[in-house]
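Analysis of the macromolecular model
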Amino acid sequence: MAVYFLCDIMDRITEIINDGALFAEITELPGDDDSPASLSFSAPDPEDEFCEIDYETVDSVSEDDPCTIGDKACYAFTATELSTIHHALTNGLEYFKECLANKDGLYDSDTLDEIKSSSVSCRNLQAKVGKVLDSFK
């Protein structure tokens, strides 16, 4: 029986959902002497119902293999939790906007630069979460 790093599987599933599909066909391909067992993913193309999109396979691993999370998807949220995250990001961005106005001169230029950088990251994440939420409608 093959063993898979769950973050690799979540990463592939996240990619499929971000492309607009909510269903996928997952097939386990047996390994041989030259390659490990792997999971193959394909999903309907949301823009053309007669086509499918094939995604990169996820290879099996040894439980002793070092696995790092890095930028991989590593946790799933419910739609309600995503809605809460989206709302918190929206509120945070409003607060950042007020801070950047710096009407009372409370922030030095380094702090304002950090707030600007954080607001860009939050805005990108807000858009990504919003896109996922829209796919559930």
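Residues numbered from 1 in each chain as written. Predicted model: local features only at pLDDT ≥ 70, side-chain atom pairs only at ≥ 80, totals over all residues. Heavy atoms only, no water.

Moving on, we get to the overall build of the protein chain. Looking only at helices and strands, the protein chain features three helices and three strands. Ordered by position in the sequence, the α and β elements of the protein chain form the string α-β-β-β-α-α. Its C-alpha atoms give the protein chain a radius of gyration of 20 Å, more than 25% over the compact-globule value 14 Å for 137 residues. The dimensions of the protein chain, computed from C-alpha atoms along their principal axes, are 65 × 40 × 20 Å. Within the protein chain, contacts between residues separated by at least 24 positions form 53% of all contacts whose residues are at least 6 apart in sequence. (Helix = DSSP H or I, 4+ residues; strand = E, 2+ residues; numbered from the N terminus. Rg over C-alpha atoms; globule rule 2.2 N^0.38 Å. Contact = heavy atoms within 4.5 Å.)

Here the focus is the sheet that holds strand S1 (residues 25–29). Taken together, the three strands give an open sheet; going across it, the order is S1-S2-S3, and neighbouring strands pair in antiparallel fashion. Strands with a single pairing partner mark the edges of an open sheet, and in this sheet they are S1 and strand S3 (48–59). Pairs of neighbouring strands in the sheet enclose a mean axial angle of 20°, with direction left out of account. As defined by bridge partners, strand S2 (residues 38–45) adjoins S3 across seven bridges and the pair is classed as antiparallel. Opposite Leu 39, over in S3, you have Val 58 as the bridge partner. Helix H1 (residues 6–18) rests against S2 and S3 of the sheet, and its axis sits at about 160° to S3. (Pairing = 2+ DSSP bridges. Axes fitted to C-alpha atoms, helices over the stretch in contact; angles between N-to-C directions.)

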